[in-house]
Amino acid sequence: MRQVSLAELCIFACSELFRTDREIVASGIGPIPRIAAGLAKLTHSPGLLMTDGEAFLVEEPTPIGPRGDYRIQASGHLPFSRFFDAAVWSGRRHAMVTPTQIDRFGQTNLSALGGTHARPKVQMLGVRGFPGNSVYHPNSMFIPQHSPRVFVAGEVDFVSSAGYNPDRRIPGGNFSGVSLLGIVTDLCVMDFGGADHAIRIASLHPGVSCDQVRQSTGFPLEADDPPVTPFPDPHTLSLIDRLDPHNLRSTVFKGNPMARGTGT
Amino acid sequence: MTLGIGGWGPRRKPMALVREILRSDLTDLTIAAYGGADVGMLCAAGRVRKLIFAFVSLDAIPLEPWFRQAREAGLIEVLEVDEGMFQWGLKAAAYRLPFLPTRVGLGTDIARLGGLKYVTSPYADAETLIAMPAIRLDAALLHVNRCDWRGNVQLLGPDFYYDEWFARAADACFVSCEELVDKIECHYPEDARGNIFERSLVQGVVEIPGGAHPSSMPPAYGWDMRALKDYAEAARDPGGWASAAARFVGPDEQSYLAGFGGQEAVASLPLPVF
C-alpha cells in the first residue's frame, strides 16, 4: 500500500471544502488548493467551473506544471476582464487562498506587516481581491505552516478581508455574503462552526493533538473531540497523480513528510 | 499628472512607454495600475508621488522588490483598493460619475485608510455602501498587438485585463503596438472583434515591437522571467536604481532590447504556462 503524504492528505481535505452542488467557479490559488479544486470537480462536485489557470474555462481540470503534449480543451472563456461580473460580484465563486495572517474572526492580511500604512515595516502584495471576495462569495484557506505568526493574537495588522468581527460590522452594511468555510493546515482542519463563528478544530491530522494545535495558534480554539482527518483512498491518489503529474505537491512541505498513521 | 498604466502585473505592460518616462524628467506622478515592474521602476526612480493600487507583483516573483523598498521607506502616498474596486473606479471615471457604490471594502481597513466615504441607498433597503471615487486619468498608457495610424486598435491574446477601462477613464490615451499598419481594415478585418475600444479615445500611437518586454504580450511573446529575476535581484545591489536603470531602462529602446538579445530574442520568448 502506497503511503499517503501530508501534502496528499491536505489536498484531500481541501477538496472536501470545495464540495458543493452549485455551479460556481473554484479558484485554488497555489499548488495544493488548485489540485484540490480539480479533485473536487473530478469526484463529488462536477458542477464546479474552473479555468486553465489563465483565462479559459475547462471541464477537464488542467494538470499543474509544464504541460508537454497536453493541450487544454477550452469549454468557455473567463478572463480577468470579466471576473468580477461573472464570478466574484455575483457570488458564484469559492476561492481558497493563503494569507499571511489570520485572526480569530477569520479576518486575513495579505497587505503589510507592522509599521504604519504610510510606512509599513514589511510591504507584501497589497489587498488584491480579498475585500471583494470576502463580502461576496465563500472562501477558505490553506496554511502550510500552522504557527502563531500566521494565526495571530488580536487582530491582523491590516484587515484585507472581512471576517466575523462584530466591531467591524458597519451599520446598514450587507454582510450576508461573508462565508468562511474552513482552514486546512499542516496540523489540522478548522472550521467556523464555534460560538458566533468562532474557529474550531474540525479534525486533527494523524499524530497531532489539540494541545499541539493550540500551542501553534495565537488565539483560543474550540474543539469537541475532533476526529482524525480522513485519508484519500487509492483511487483518489491516482486522480491526484493525474492532476499533478510532476509531483509539485512534494515541494510544499519541507522534506515532503508522510501523513503519520496507517491510512486506509 | 495622473497616469493609468494598462496590463496586469507582469502581463501586457506598456514598458517601452514607461521606460521613455524614465528617460524623461517627468515626475511627481500619480500612477494607477494593476502593478508590476512598471510601478516598481517608477517608484525606484522617485517619479511617483501617489500610487493607486490593489497589488504590485511579478507573478512568479510575488513581491515586487523596488515597490517594497519605496513603501518601506515611506516614500509614496498610496490609495490601496481591491482589484474589483479599482476597475469600478475606472468605470466611474469612464461614465463621468463622481463615484460608484459598492459593498467591497466593508469590514476591512481599506475604507478608513483610503479616506473612502459611505453612501446610503435612497431606496427601501437603505443599505450602506462604500462610494468608490472615480479614478480620473489625465492619460492612459497601453501596449496593444496592432494599431493603425488613426488609432484603431486590435488586442489579441486570452485576456485584455482592464485596458478598455483605462482608455475610457482617460482624457487622452496613448498606445504603443507590436505592429502598426496604415488601414487596419485592409490588413486584419477578420480580427475586428479585437477592437475593444474606439479610435476616438486614442490620441497617439507608436510602433514598438517588443514594447512590453520584460512583461508578456500574448500571443506574440511571453514574459522574460530571467530578466525579471535579474531586475528583482538588482534591488539588493548597493548601486541602487541608478545602476540598475542603465540595464533596465537604457539610453533608448534599441540599446535596451540589445541588452536582452534584441528583438528576435524577445519575439521567441515562450508564452507562460499557468
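Note that the coordinates shown come from a computational prediction; the quantities given were computed from them, not determined experimentally.

### Some details on the overall build of chain B
Along chain B, the regular secondary structure elements total eleven helices and eleven strands. Since a compact globule built from 274 residues should have a radius of gyration of about 19 Å, the 19 Å found for chain B is in line with a globular shape. Along the first, second and third principal axes, the C-alpha atoms of chain B reach 60 × 50 × 35 Å. When the 274 residues of chain B are sorted by exposure, 52% land in the buried category. If you take every contact in chain B between residues at least 6 apart in sequence, the share linking residues at least 24 apart comes to 73%.

### Here we look at the overall build of chain A
Helices and strands together make up the secondary structure of chain A, namely six helices and 14 strands. Whereas a compact globule of 264 residues would reach a radius of gyration of roughly 18 Å, chain A reaches 18 Å, a difference of no more than 12%. When its C-alpha atoms are laid out on the principal axes, chain A stretches across 50 × 45 × 35 Å. The burial tally for chain A puts 50% of its 264 residues in the buried class. Looking at chain A alone, contacts between residues at least 24 apart form 67% of all its contacts between residues at least 6 apart.

### Some words on the environment of B:Arg199
Residue and element names in this part refer to chain B. Within the secondary structure, Arg199 sits in the loop between helix H7 (184-187) and strand S11 (202-207). Spatially, the C-alpha atom of Arg199 lies 18 Å from that of Ala93, the residues being 106 residues apart in sequence. Apart from residues no more than four positions distant in its own chain, Arg199 is found in contact with Arg150, Gly151 and Asn152.

### Overview of the nonpolar core
Core analysis: the largest hydrophobic core is formed by 162 residues, its most contacted members being A:Cys10, A:Ile11, A:Cys14, A:Ala36, B:Phe166 and B:Ala169. In terms of residue count, the dominant contributor to this core is helix H1 (residues 6-17) of chain A (nine residues). If we ignore the near neighbours within four places in the chain, the residues touching A:Cys10 are A:Ile32, A:Phe142 and A:Val184.

### Digging into the pairing of strand S2 (residues 29-33) of chain B
Residue and element names in this part refer to chain B. Relative to S2, strand S1 (residues 2-5) runs parallel, the two sharing four bridges. Paired with Ile5 across the two strands is Ala33, which belongs to S2. Sheet topology places S2 next to strand S3 (residues 48-53); four bridges connect them, and they run parallel. Directly across from Ala32, in S3, lies its bridge partner Ile52. Each parallel crossover has a hand, and for S2 linked through helix H2 (residues 37-44) to S3 it is right-handed.

### Things to note about the interface of chain B and chain A
Listed per partner, the contact involves 37 residues of chain B and 42 residues of chain A. When residues of the side of chain B that touches chain A are traced back to their parent elements, those giving at least two are helix H3 (65-72), helix H4 (83-94) and helix H5 (110-114) of chain B. Looking at the side of chain B that touches chain A, its residues break down into 18 nonpolar, nine polar and ten charged.

### Some remarks on the packing of helix H1 (residues 15-23) of chain B against H2(B)
Residues and elements named next belong to chain B. Where H1 contacts H2, the axes come no closer than 10 Å and their chain directions differ by 5 degrees. Of the possible angle classes, the one that applies to H1 and H2 is roughly parallel. Mapping the contact onto sequence places Met15, Val18 and Leu22 in H1 and Asp38, Met41 and Leu42 in H2. Per-class residue counts for the contact of H1 with H2 are five nonpolar, no polar and one charged.

### A word on the sheet that holds strand S2 (residues 50-51) of chain A
Residues and elements named next belong to chain A. Here we have three strands laid out as an open sheet, ordered S2-S3-S4, and antiparallel in their pairing. The open sheet has two edge strands with one neighbour each: S2 and strand S4 (74-77). Looking at chain direction, strand S3 (residues 56-58) and S4 are connected through three bridges and run antiparallel. By the bridge assignment for S4, Phe56 is matched with His77.

### Considerations on the packing of H1(A) against helix H2 (residues 31-42) of chain A
Residues and elements named next belong to chain A. The contact between H1 and H2 brings their axes to 8 Å, and the two run at 55 degrees. On the basis of their axis angle, the class for H1 and H2 is oblique. In the crossing of H1 with H2, the sense of the turn from one axis to the other is right-handed. Across the interface between the two elements, Ala7, Cys10, Ile11, Cys14 and Ser15 from H1 touch Ile32, Pro33, Ile35, Ala36, Leu39 and Ala40 from H2.

### Focus: the pairing of strand S8 (residues 137-148) of chain B
Regular strands have side chains that alternate between both faces of the sheet. Residue and element names in this part refer to chain B. Of all twelve residues making up S8, ten are buried, and the element is well covered by its neighbours. Both S8 and strand S10 (residues 170-181) contribute to a ladder of ten bridges, which runs parallel. Counted as the bridge partner of Val144 is Cys177 from S10. Across two bridges, the pairing between S8 and strand S9 (residues 153-154) is antiparallel. Counterpart to Cys147 in the pairing with S9 is Val153. The hairpin turn running from S8 into S9, its antiparallel successor, is four residues long, and Gly151 in that turn takes a positive phi close to 100 degrees.

### A closer look at the sheet that holds strand S6 (residues 117-120) of chain B
Residues and elements named next belong to chain B. With antiparallel pairing, the three strands of this open sheet are ordered in space as S5-S7-S6. Edge positions in the sheet fall to strand S5 (99-102) and S6, since each has one partner strand and no second. Going across the sheet, the axis of each strand differs from the next one's by a mean of 45 degrees, ignoring polarity. Sheet analysis places S6 next to strand S7 (residues 128-133), joined by four bridges and oriented antiparallel. Of the residues in S7, the one forming a bridge with Tyr118 is Ile130. Its contacts with the sheet place H4 against S5 and S7, and it is angled at close to 145 degrees to S5.

### Structural notes on unusual backbone geometry
Across the chain, the bulk of peptide bonds are trans and the bulk of non-glycine residues have phi less than zero. Residue and element names in this part refer to chain B. Each neighbour pair has its own omega, and for His213 with Pro214 the value is 10 degrees, a cis peptide bond. Following the sequence through the fold, Pro214 ends up in the loop between S11 and helix H8 (225-233). For the bond running from Pro218 to Pro219, omega is 0 degrees, close enough to zero to count as cis. For Pro219, the location among the structural elements is in the loop between S11 and H8.

### Focus on the confidence of the model for chain B
Per-residue confidence for chain B gives a mean pLDDT of 97; residues scoring 70 or more make up 100%. This complex was scored by the predictor with a pTM of 0.97 and an ipTM of 0.96.

Scoring rules and cut-offs
Residues numbered from 1 in each chain as written. Chains lettered and ligands numbered in written order. Predicted model: local features only at pLDDT ≥ 70, side-chain atom pairs only at ≥ 80, totals over all residues. Helix = DSSP H or I, 4+ residues; strand = E, 2+ residues; numbered from the N terminus. Rg over C-alpha atoms; globule rule 2.2 N^0.38 Å. Buried ≥ 20, exposed ≤ 12 C-beta atoms within 10 Å, placed from the backbone. Contact = placed C-beta atoms within 7 Å. Core = buried A, V, L, I, M, F, W, Y, C linked by C-beta atoms within 7 Å. Pairing = 2+ DSSP bridges. Right-handed = clockwise from strand over helix to strand, strands pointing away. Nonpolar A, V, L, I, M, F, W, Y, C, P; charged D, E, K, R; others polar. Axes fitted to C-alpha atoms, helices over the stretch in contact; angles between N-to-C directions. Parallel < 35°, antiparallel > 145°, perpendicular 65-115°, else oblique. Left-handed = near helix turned anticlockwise from the far one by under 90°. pLDDT = per-residue confidence, 0-100.

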